[in-house]
Every structure is written in C-alpha cells, then in structure tokens.
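Secondary and tertiary structure notes
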Number of protein chains: 2
Amino acid sequence: MNQLTIRRSGLLWAMVCLYAGVLAQPPRGPLVVSPQINPDKSVTFRYLAPSAKDVKLSAQFEKAPVPMTKDEQGIWSVTVGPVKPDIYPYSFQVDGVTAMDPANVAFFPNERFKASLVDIPGDTPLVHALRDVPHGTISYEYYPSIDGTTGSLVVYTPPGYDQSPSKKYPVFYLISGTTDTEETFFKVGKTNLILDNLIAGGKAKPMIIVMPYGNIAARVAEQNGGSKPADPTVRDGADAVKRANDFATDLVSNVIPYTEKNYRAIPGRNNRAIGGFSRGGGQTLRTAFGHMDKFAWVCSYSSYLSPDEMERSYKPIVANPANTNKQFKLLWVSVGSDDFLYKGTAEFMDYLKAHTIQFRSMVTDGGHTWMNVKKYVAATTPLLFQP
Amino acid sequence: MNQLTIRRSGLLWAMVCLYAGVLAQPPRGPLVVSPQINPDKSVTFRYLAPSAKDVKLSAQFEKAPVPMTKDEQGIWSVTVGPVKPDIYPYSFQVDGVTAMDPANVAFFPNERFKASLVDIPGDTPLVHALRDVPHGTISYEYYPSIDGTTGSLVVYTPPGYDQSPSKKYPVFYLISGTTDTEETFFKVGKTNLILDNLIAGGKAKPMIIVMPYGNIAARVAEQNGGSKPADPTVRDGADAVKRANDFATDLVSNVIPYTEKNYRAIPGRNNRAIGGFSRGGGQTLRTAFGHMDKFAWVCSYSSYLSPDEMERSYKPIVANPANTNKQFKLLWVSVGSDDFLYKGTAEFMDYLKAHTIQFRSMVTDGGHTWMNVKKYVAATTPLLFQP
C-alpha cells in the first residue's frame, strides 16, 4: 500500500458495489487515483484489474495504444508524456474491451462511445482554464420541439446576466457534431469557461449561447416510440436531407422563439450567430444559407457543403455575391490540416473564392478533434456581434 | 442486417473512432440499439463485441448478472423482464471487465464506477416522468469555496422563476451520497422533473433546490495540487470528522450566502431545508444539528447518526426535546428495509423516540438505491415550507 492507495472499509465498499449495480461483488481493493497529472506534465493513468491479461491506454494524444503494466495489487499503470497541455479523450483497452476510467468523473457525452477526459493545465492558463474571473451560468432547459416532442437545450448566460435584469444580449446558436449531445460543447468544449475568460479580458462581447441537440430524428424516435432509429452517421440520401431540414425547421421555428421568449435576447439577424462542429457545421451552413433572414454571423468548424449541394440547394448564395457579402457580417470556415474532412473543406473554400464570397478561414494543425474545436470557438467568439 | 441495425459509412465511422480516442480502429460493424424497452416492459440490452468470450448484463433490477448471447454480427443481447417501471443503473461485464453501454447516453455521475441508466416508463407516468407541464431550470454554478477553491453547484429553479422577477422562494439544500457528484440528484434522481410534476399538481410549493458536491476534500486536493486524496469511503477517524466539519462550514459560510446573493431566496431558517442521501444524509444531520439557527426542515434519506455521536457532538438536541421539537418543523428519517444501513437507521429512530424527539419516518422496500431516493424526494418535498 503506497501513499496513493487507501484501504476502504468493507461496509462502504459494499455500498459502492450496490450503487454500481454490480451485484456480484468484485474483490475489495485499493482506491485507485487516475489520472494523476505530474509537475512535468507527464500523466499517470491507473486501472484496477487483477485478472486482466492485457491493458492499454488509448488516448487522443498518443498515436497508438500504450501498454500498461500491473503491480502486485492488480493496478495497471503507465506514465506518458510530458503531454502538451489541453483536454484529451482517453479510455482503457482491457483485454480488448473499451472501458472508461472508473476513477475519473470527467466524461465525454456521446451517443456511440464512452470516453473519459484528462485536462492537463498549462503553465499559463489555457483559454478554457477555470480562472478567478466572473463566471456565467450553464442552464438545462426543455422546449417544445417538432412532432410533439420535448427538446433539450444547454444555455450559457454571461457573467452578470442575473444582476442586470434590463440588459439584453445577442445569441450564438452552437451545434455539436455527429454522435455528440447538447452537453458536448459544455463538458468537452468548455465553451462556458472560454467565454468567461474572453469576456473578463474584454475580448468578446457578453452573449447568450444556446446549444441544441443535433440528432432530432433520434429524439423523435425515442419519445414517439419509433423502434427504428436514424443512423446518425449516414449523411446522404433522402433521410439525411429530411433530417437536415427538420433540424433547421426546429431551430428557426422552435429554438429561436423559445430563446427569445425565455431569455433577454436581442432579436433580429444582426444579433444572431450560428456555428457548429462537424455535422453541426453542415447544419450551420444549411440553416444559415436556407434562412438568410435569421443569422448574420456564421461559423463552420471542421465541416463544409459540397459544390454539388451548393448548386442544387443554395444557388442564391452564390448567384448574387454582392448581396451575400453584405448580408453576412461573418462567414467563417476552419479545419485541421490532418482532419479527414480537410479536402472537402478546402474545396468548399475554393468554391466560395471562385464565387467571390467573402469568408474568414483558419487552418490549424491536428485533426477532427475537440482540441481544435476549442481553438475555433476562442478565435470566432471575439469576432461576433462587433460593429 | 435486421431493422435495428444499419450499416454506417466508412468515412464517418472513422470519425467516431477518432472521437473516441480509439486510434486502433475497431472493425466496422452494425449500429447497435440499446437499451430497447419493449411494449410489455421487458428490456433488450445489446453490446457489440465480436471477439468477447463471455458477456453478462449487471442491472440493479436483477439479483445476479444475466448471461447474454452473441449473434452472427457479434452483437451480444438479452431480453429481461418485464421490469417494474423505474430508473435503474446497469453495466455490461465483458470477459470480466465492467463497461458502460456505448449506445446509451444516460449515465450515472460517480467518482468510482461507471454505469449506464435505463428508464422504464410506467403505464401511468411515474413521479419523475418528463410530462407536458411547465418545467423549471437546472443551472450549473461556480461559487467561492473553502481554502481558495472554486466549488460547483447544480441549482433547480422552479417553473416561472424567470417570469416572476420579484417573487422570492424558499431553498432546499440537497446533498448526494458517497462517490456521487453534484450532478447525481439531477441525472439519476431526476429531482427537477419530480418537482416540476409535484408543483404542476399543486402538491409542492415552488422552491429553489441547491445541490452541492459532498466530497470537498477531493476538490481541495485536486485544485490545490494535493497528491493524496481523501478516501471518501472512510467515515470514522479524525479525517472523517474534519471532512464533515469542512462540509458544514462550506455550506453555511459559502453556499448559503452565494445562493442568497445570486438567487431570489427568502432568508431565514424557516425558509431553508436540508436533505441528503447516504453520506449526504449524515452531512444533513450534522449540519442541521450543529447549526440550529440555519435550517427548520431536515430530511435524512438512508442514513443516520450513531447514539455515540449524538451524545458526543449533539447533546443539546436531545437535552431539551421541547426546544428541538419546536425548532424543527420537519425531521424526516427514511430507509429501505433491505438497506445495509437499515439497522443503524432503526437504532437512530429508536434513539430519537427514547428522547421524545419528534420525527416522521418512512420505511420502504428495497435497498440503498436511487430508486428509493426518488421515493423519498417525492414524499418529503410536499411537506417542506408548508404552514
């Protein structure tokens, strides 16, 4: 027993097992500390599995799974790094089975995988660091959505919102990616903390951020008893077009009215921004291009529309570039150079250029990750709602 | 490929894998639907693991793990029940490794285990069902806590809170159990939905509910760089007493002032209730008995203080029962008959009776579970703040 492990009492260990729904009580063991961030930015991961044959760490900062070694207590561990400060998803591969880190509360909300999160602080605070500045509030809301369903929103209100009851704010509608949920921009993207820090530094205007759930078809199926859910990873075909249209309709007809009724939002397109990552970036472009009267600020993170779809569905956008350039106060496109959507995004930028549509762009290192999403949020929110 | 499985595209499956931090890409496979609640209240669970040798379902409604069987696609499944409508934690045991359900977004926030949640609806809506009634809001807040740390709170405000800017409300401080987090009463206890339903039915007074994190020592260690965390399962000894005192101090000196500054809370002990489950029940009793001037309504769910501790630390409570009975408008003690804390709780009730301390009690079927917590919340909140 070393300083990082403490025997637990039998009675309360039984309780933990009962909580877990693990009725076949596992052997009592040491209390595992994981992840442990060391002063040199290396990180030690630990996983208790006395009977396992092979345990590896799968982490988004490693190119391949990293073997872990077992000690005499049955705790597998590995120290990796130093790791570049950021937030990374990780999981354990335990005899080939993916498991979250039982000792870590921080998790990645997602429909299709379960990953834990490790947040390695910088020597100077990162853009998302919890700092001693005034904090906004994250709220979970229900709203009446399409097909008689009840939708959920995660809403950020800036510091001082409750103390200034007559002040009104512009609104950024921010949509997460395929298999993500309405919680992902909060729990993984740390959008609330990024805005707290930018607002405290005078770098972004105080704004409300409304984060909807992107996979409306899944919710309709769940609440209305459908047994055949839509596959969220299928982008093409009639189903995908219907889903994209349903999302835009719900956002424009339900989410915006709910927000403007229940929050002190300044109405009008000049005070509405829309942005999103991955599938949410596609939903952003489709909703903005299909409802020019609704949003003047548009941010696509790691996503694009194909020239084919632009020609087919959004011809007015490119047919009159002078009008488009006047209407959009910001059209933003960003992508990582290793993103598997890089090529399509580069083509989209070329297409916009060829049609003299003005946009701002950012190409970063890295791939289709939430490390990059945080960079894009931090780069774009200072641009929104500026004169 | 049956109606419940749909091929995913290669490109977007790669994205899902990258999200997961699973850089060794698993074989592409069918999209798994799990859990699936059938019309007869049986539930089908599915888990994709083509290479696994043995997969079992561990669920809190089953006495023992239930073997699952594999189909030709590598999907393990089992249909169990009919199951009594309620919310239950469950996980899969995959070759002995505990794994959450990758296909299910609903999870149990906890420091020490990772479990998914299945919510089986009743033929008539259960007390926590999402119904078409006015909904309150859940907010995540930061507050200045002890030792220079930043604490987090989950706060429920009742329906109409934002629409009635001059109305003030009483406050229920509600503390979750050992290894739980400040999210557990929201995500597992569905306290917000229970209150929405009770308030809509005129059965509970509109109130604010403030849900703090119980394991302050862990947060102090995390934020202040301590490498030796407190074992949350150790209840006795000097460390445990210090932790209990720290919690009470933080609640009284930091959480209450923060709440009363930032929410429209009616001040004074008659407008403050305190309650909690398991360790949170102990913290409830200690904080209420140690700060008689702060709370008039006290709810202990599945917890107790020992006669020894009462004699040692809270002698004034029993020394003057007339005063105690006058001060507390509600002292509530409830427990499940199968709870491993049943005996201690029964002794506590006997002790209170012997000292003519008035209290209300409820003994339910079942054990130390969140199924019981929901019952206790639904039974006690209608009693709070009534004349």
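All of these numbers come straight from a predicted model, not from anything done at the bench.

With that settled, the discussion passes to the overall build of chain A. Of the regular secondary structure elements, chain A holds eleven helices and 18 strands. When the 387 residues of chain A are sorted by exposure, 60% land in the buried category. A fraction of 71% describes how many contacts in chain A between residues 6 or more apart in sequence connect residues 24 or more apart. Accessible area of chain A: about 14700 Å², with a carbon and sulfur share of 52%.

According to UniProt, the positions carrying the feature "domain: Glycoside hydrolase family 13 N-terminal" (unreviewed entry) are residues 39-96 of chain A. The annotated region residues 39-96 of chain A carries 0% helix and 50% strand content, and the separation between its end C-alpha atoms amounts to 31 Å.

In this section: the environment of phenylalanine 340 of chain B. All names here are of chain B. In this fold, phenylalanine 340 is placed in the loop between strand 17 (330-336) and helix 10 (342-354). Given a relative accessible area of 24%, phenylalanine 340 falls into the partly exposed group. When the C-alpha atoms of phenylalanine 340 and serine 302 are compared, they prove to be 9.2 Å apart, with 38 residues separating the residues in sequence.

A word on the domain arrangement of chain A. Residues and elements named next belong to chain A. Structurally, chain A comprises domain 1 (29-119) and domain 2 (137-383). A C-alpha centroid distance of 32 Å is found between domain 1 and domain 2. In this complex, domain 1 contributes 13 residues to the contact, which on the side of domain 2 involves 16 residues. Interface area, domain 1 with domain 2, both sides summed: about 1200 Å², of which 60% is carbon and sulfur. Looking at the side of domain 1 facing domain 2, the largest losses of area belong to Ile87, Pro109 and Glu111, adding up to 44% of the total buried there. On inspection of domain 1 and its partner domain 2, the count reaches one salt bridge. Notably, a salt bridge pairs aspartate 86 with lysine 374, separated by 2.7 Å at the nearest N-O pair.

Leu195, Tyr301 and Leu384 of chain A together with Leu195, Tyr301 and Leu384 of chain B are the most contacted members of the largest nonpolar core, which totals 75 residues. Of the residues forming this core, the biggest block, six residues, is contributed by helix 11 (residues 370-380) of chain B. Setting aside chain neighbours within four positions, we find leucine 384 of chain B in contact with Phe172, Lys205, Met207, Ala273, Trp297, Cys299 and Leu330 of chain B.

This brings us to the packing of helix 3 (residues 191-200) of chain B against helix 11 of chain B. In a packed pair of helices, the relevant descriptors are the angle between the two axes and the axis-to-axis distance. All names here are of chain B. The interhelical angle for the contact between helix 3 and helix 11, taken along N-to-C directions, is 35°, at an axis separation of 10 Å. Every pair of crossing elements has a handedness; the one defined by helix 3 and helix 11 is right-handed. Judged by residue contacts, Thr191, Ile194, Leu195 and Leu198 of helix 3 engage Lys374, Val377 and Ala378 from helix 11. Residues belonging to the contact of helix 3 with helix 11 are distributed by class as follows: five nonpolar, one polar and one charged.

Cut-off values and rules
- Residues numbered from 1 in each chain as written.
- Chains lettered and ligands numbered in written order.
- Predicted model: local features only at pLDDT ≥ 70, side-chain atom pairs only at ≥ 80, totals over all residues.
- Heavy atoms only, no water.
- Helix = DSSP H or I, 4+ residues; strand = E, 2+ residues; numbered from the N terminus.
- Buried < 20%, exposed > 50% of the residue type's maximum accessible area, 1.4 Å probe, protein only.
- Contact = heavy atoms within 4.5 Å.
- Areas by Shrake-Rupley, 256 points an atom, 1.4 Å probe, with all protein chains shown as cover.
- UniProt positions renumbered as here; feature names shortened; annotations may be inferred.
- Domains from an automatic or database assignment.
- Buried area = accessible area lost by both parts, 1.4 Å probe.
- Salt bridge = Lys/Arg side-chain N within 4 Å of Asp/Glu carboxyl O.
- Core = buried A, V, L, I, M, F, W, Y, C linked by side-chain atoms within 4.5 Å.
- Axes fitted to C-alpha atoms, helices over the stretch in contact; angles between N-to-C directions.
- Left-handed = near helix turned anticlockwise from the far one by under 90°.
- Nonpolar A, V, L, I, M, F, W, Y, C, P; charged D, E, K, R; others polar.

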